[in-house]
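One letter stands for each residue in the lines below.
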Amino acid sequence: MRALISDIHANLAALEAVLADARSRGATEILCLGDVVGYNGQPEECVQRLKAEGARNILGNHDQYVTSGKNCERSKVVASIIDKHLEDLSTDSITWLQGSLDSVT
């Protein structure tokens, strides 16, 4: 069974709760519908947790900001958060995000 999750936005506590619930319901595959990073303070931990789960990710707009080098132009607040996440994310995590899917078949 596949569990669909999304909009983690670097919130590790919420991610852990959702993953535990998904596993308790029999999920054997995790698919994230994007935005692993953004807003909250644990982008590295969230990416590494999903990677450890073997999760697949569809590239969200916040994920794209950290992988493309083109930051958010509509919000200075979001742009500053992305800048901070770029400092916090390891090369390994950015590479994992770059491997995100554009869509799922």
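Residues numbered from 1 in each chain as written. Predicted model: local features only at pLDDT ≥ 70, side-chain atom pairs only at ≥ 80, totals over all residues. Heavy atoms only, no water.

The next subject is the nonpolar core. Counting 25 residues, the largest nonpolar core has Ile5, Ile8, Leu15, Ile30, Val36, Leu50 and Leu97 as the members making the most contacts within it. Among the secondary structure elements, those contributing two or more residues to this core are strand 1 (2-5), helix 1 (12-24), strand 2 (29-32), helix 2 (43-53), helix 3 (61-68), helix 4 (76-88) and helix 5 (91-98). Here the element with the most residues in this core is helix 1; it accounts for four residues. Those residues in contact with Val36, other than ones at most four positions away along the chain, are Ile8, His9, Ala10, Cys46, Val47, Leu50, Asn57, Asp63, Trp96 and Leu97. (Core = buried A, V, L, I, M, F, W, Y, C linked by side-chain atoms within 4.5 Å. Buried < 20%, exposed > 50% of the residue type's maximum accessible area, 1.4 Å probe, protein only. Helix = DSSP H or I, 4+ residues; strand = E, 2+ residues; numbered from the N terminus. Contact = heavy atoms within 4.5 Å.)

Spatially, the three strands line up as an open sheet ordered 1-2-3, and their pairing is parallel. The sheet is open, and its two borders are formed by strand 1 and strand 3 (56-57), each paired with just one other strand. The sheet contact formed by strand 1 and strand 2 spans four bridges and is parallel. Counterpart to Leu4 in the pairing with strand 2 is Leu31. (Pairing = 2+ DSSP bridges.)

To continue, consider unusual backbone geometry. In this structure, Ala10 takes a positive phi of about 65 degrees despite not being glycine. Look at Ala10 and you get buried, because its relative accessible area is 1%. Phi at Asp35 is positive, roughly 65 degrees, even though this residue is not glycine. Assignment of secondary structure puts Asp35 in the loop between strand 2 and helix 2.

On to helix 2, then. When we look at burial in helix 2, the residues that qualify are Pro43, Glu44, Cys46, Val47, Leu50 and Glu53. In this structure, the buried side of helix 2 is in contact with strand 1, helix 1, strand 2, helix 4 and helix 5. One or two positions beyond helix 2, positive phi appears at Gly54, with a value near 75 degrees.

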